[in-house]
Number of protein chains: 2
Amino acid sequence: MAEDGARPSIEFWYEFASSYSYLSVMRIEGLASAAGVDVAWRPFLLGPVFMSLGWNDSPFNIYPPKGRYMWRDLERLCARYGMRLQRPSEFPRNALLAARVACQGQDQPWIGAFSRKVMAANFADDRDIGSADVIADLLDGFSLPASDLIAAAQRPAGKEALRHQTERACQLGLFGAPSFVVGGELFWGNDRLEDALEWACEAARGSVPRTGTSHLE
Amino acid sequence: MAEDGARPSIEFWYEFASSYSYLSVMRIEGLASAAGVDVAWRPFLLGPVFMSLGWNDSPFNIYPPKGRYMWRDLERLCARYGMRLQRPSEFPRNALLAARVACQGQDQPWIGAFSRKVMAANFADDRDIGSADVIADLLDGFSLPASDLIAAAQRPAGKEALRHQTERACQLGLFGAPSFVVGGELFWGNDRLEDALEWACEAARGSVPRTGTSHLE
């Protein structure tokens, strides 16, 4: 978390298979840049988080009324944001490889652009982001060394990096994506992106409480 | 739903035990009035809806990380809206009687004020809204015939009215509260109140599609 007077920052937790993460991945860099907030990209896997809550699938699949609503809500929000949307023919898609590659590159300057490419492939072009060929194709588009990056992501250290990151998501109390962490504050959902950025700015000015959850439970 | 050129209207589905319904019950009349939208108050019970999804308690109790987050999120939102908040010592509270009384009065001019009183009792004053004495006290505050209203709510017709309303909530695809229905469009959550009001206004002007969900599933 930013100390008083430091540049504001935010941890952005997202999952490539998550529909509402699509919205925030596309929006965050522009909004954060305009607000002067640094973004720490934190790709992770929702599957283990959902398993810890007793779900063996997306809640949007387990609970059909929630799923029907989500797709319609997403359609309305994409229309508002001017974002393309093509409902993926498979949901949720296997995002393991994409997340491992992103985890390797999360501090690299290409992380935002790569994440947007993956999201557009999944939610606008209905491509199988679980396929190494598709991920390689997306990386090639940036003139990045696709085969090296994919090989590194699949080595033990690459697998461990994502596993560790996902464990940290659980430790932080995350239960869905996208989520935003600003110091001790958790914000859940694309609807809270603007609030989280505002909180980061206020925290950097020292004008909000440092912590606020500990007294609750 | 409003026809083209008719006055815009919205169905507001809420439950007295629901934390996010508290926010919308307090906000909707002012916002809707400013937007020129008529509100049809639709108190219902979440319990049967949750049971149909396989939950025998509030998901905020079943899934502790969601619950911890919700209370903190609610605290932040109440601070923003300038609303009092005292975490109820029992959650969710039994809202059966309050919902039956509200169902009897849902087309009466006192429905908004009564609903706000019940919500404030539960979420700001930590009073047991499951108690007939508390409900009678709140009704007395409006010089309404408390004992007659409570008796009517508990007669077979009063019970049936709420049961029927809750069944309709399920038929509409509701899975949580608050929810807003504008024609064939469902909006879920306090975060969508402003969107739903805007949709109602546009629908009344004939500038949005009449239906939008049928092709999705």
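Residues numbered from 1 in each chain as written. Chains lettered and ligands numbered in written order. Predicted model: local features only at pLDDT ≥ 70, side-chain atom pairs only at ≥ 80, totals over all residues.

Asks: Explain the overall build of chain A to me, and be specific about the residues and the numbers.
Replies: What chain A contains, in helices and strands, is 10 helices and 4 strands. From first element to last, N terminus to C terminus, chain A shows the α and β order β-α-β-α-α-α-α-α-α-α-α-β-β-α. In terms of C-alpha radius of gyration, chain A reaches 17 Å, essentially the compact-globule figure of 17 Å for 217 residues. Seen through its principal axes, chain A has C-alpha atoms that stretch 50 × 40 × 35 Å. Restricting the contact set of chain A to residue pairs at least 6 apart, pairs at least 24 apart contribute 72%. (Helix = DSSP H or I, 4+ residues; strand = E, 2+ residues; numbered from the N terminus. Rg over C-alpha atoms; globule rule 2.2 N^0.38 Å. Contact = placed C-beta atoms within 7 Å.)

Asks: Give a description of the pairing of strand β2 (residues 38–43) of chain A that names residues and reports values.
Replies: Residue and element names in this part refer to chain A. Across 6 bridges, the pairing between strand β1 (residues 9–14) and β2 is parallel. Each residue of the ladder has a partner; that of E11, found in β2, is A40. Considered for its hand, the β-α-β crossover made up of β1, helix α1 (residues 19–35) and β2 is right-handed. (Pairing = 2+ DSSP bridges. Right-handed = clockwise from strand over helix to strand, strands pointing away.)

Asks: Give me the sheet that holds β1(A): which residues, what numbers.
Replies: All names here are of chain A. As summarised here, the arrangement of the 4 strands in space is β2-β1-β3-β4, forming an open sheet in which the pairing is mixed. Of all strands in the sheet, those bounded by a partner on one side alone are β2 and β4 (185–188). Across the sheet, the mean angle from the axis of one strand to that of its neighbour is 25°, orientation sign disregarded. Inspection of the sheet shows strand β3 (residues 179–182) paired to β4 by 4 bridges, in the antiparallel sense. (Axes fitted to C-alpha atoms, helices over the stretch in contact; angles between N-to-C directions.)

Asks: Provide a residue-level description of the sheet that holds strand β2 (residues 38–43) of chain B, including the pertinent values.
Replies: All names here are of chain B. In space, the 4 strands of this open sheet follow the order β2-β1-β3-β4, with mixed pairing throughout. Whereas interior strands pair on both sides, the edge strands pair on one side only; in this sheet they are β2 and β4 (185–188). Neighbour-to-neighbour, the strand axes of the sheet open up by a mean angle of 20°, direction not taken into account. Here helix α10 (residues 193–204) sits on the sheet in contact with β1 (9–14), β3 (179–182) and β4, set at roughly 10° to β3.

Asks: Describe the pairing of β3(B), naming the residues involved and giving the relevant values.
Replies: Residues and elements named next belong to chain B. Here β3 shows a buried face lined by S179 and V181 and a second buried face lined by F180 and V182. Summarising the sheet, β1 and β3 pair through 3 bridges and their orientation is antiparallel. Of the residues in β3, the one forming a bridge with E11 is V181. Between β3 and β4, which pair antiparallel and follow one another directly, the connecting turn spans 2 residues, one of which, G183, has a positive phi of 60°. (Buried ≥ 20, exposed ≤ 12 C-beta atoms within 10 Å, placed from the backbone.)

Asks: Outline helix α9 (residues 156–171) of chain A, supporting the account with residue identities and numerical values.
Replies: Residues and elements named next belong to chain A. The terminal C-alpha atoms of α9 lie 22 Å apart, and with 16 residues this matches the ideal 22 Å at 1.5 Å per residue to within 8%. By the burial criterion, the buried members of α9 are L162, T166 and A169. Viewed along the axis of α9, the buried residues span an arc of 50°, placing them on a single side of the element. Facing away from the buried surface of α9 by more than 90 degrees, the exposed residues are P156, A157, E160, H164 and Q171. Tucked into the core, α9 has its buried residues touching β1, α2 (46–52) and α5 (96–104). Of the residues one or two after α9, G173 is the one with positive phi, at around 90°. (Expected span 1.5 Å × (residues − 1). Arc of directions from axis to C-beta.)

Asks: Got a sec to walk through the environment of G36(A)? Specific residues and values, please.
Replies: Tracing the sequence through the fold places G36(A) in the loop between α1 and β2. Remark: the alpha-carbon pair of G36(A) and R127(A), spanning 91 residues in sequence, is separated by 34 Å.

Asks: Quick rundown of the confidence of the model for chain A? Include the residues and the values.
Replies: Residues and elements named next belong to chain A. Of all residues in chain A, 94% attain a pLDDT of 70 or more, and the chain-wide mean is 93. Scored below 50 in pLDDT, residues 211–217 shows 12 contacts in the model against residues more than four places distant or in partner chains. Confidence estimates for the predicted assembly give a pTM of 0.93 and an ipTM of 0.92. (pLDDT = per-residue confidence, 0-100.)

Asks: Outline the packing of helix α7 (residues 132–140) of chain A against helix α8 (residues 146–154) of chain A, listing residues and values.
Replies: All names here are of chain A. Packing of α7 against α8 leaves a shortest axis separation of 9 Å and a crossing angle of 130°. By the angle between their axes, α7 is oblique relative to α8. For the element pair α7 and α8, the recorded crossing hand is right-handed. Residues A132, I135, A136, L139 and D140 of α7 lie in contact with α8, whose contacting residues are A146, S147, L149 and I150. (Parallel < 35°, antiparallel > 145°, perpendicular 65-115°, else oblique. Left-handed = near helix turned anticlockwise from the far one by under 90°.)

Asks: Hey, could you go over the environment of R42(B) for me, with residue numbers and the actual values?
Replies: Residue and element names in this part refer to chain B. Secondary-structure assignment places R42 in strand β2. Taking the C-beta count within 10 Å as the criterion, R42 has 25 such neighbours and is therefore assigned buried. Put simply, R42 and S179 are 137 residues apart on the chain and 9.6 Å apart in space, counted from C-alpha to C-alpha. When near neighbours in sequence (up to four residues on either side) are disregarded, R42 contacts E11, F12, W13, Q106 and Q165.

Asks: Just give me the short version of the environment of G30(A), but keep the residues and values in it.
Replies: Considering the arrangement of structural elements, one finds G30(A) in helix α1. Along the chain, G30(A) and A120(A) lie 90 residues apart, while their C-alpha atoms are 16 Å from each other.

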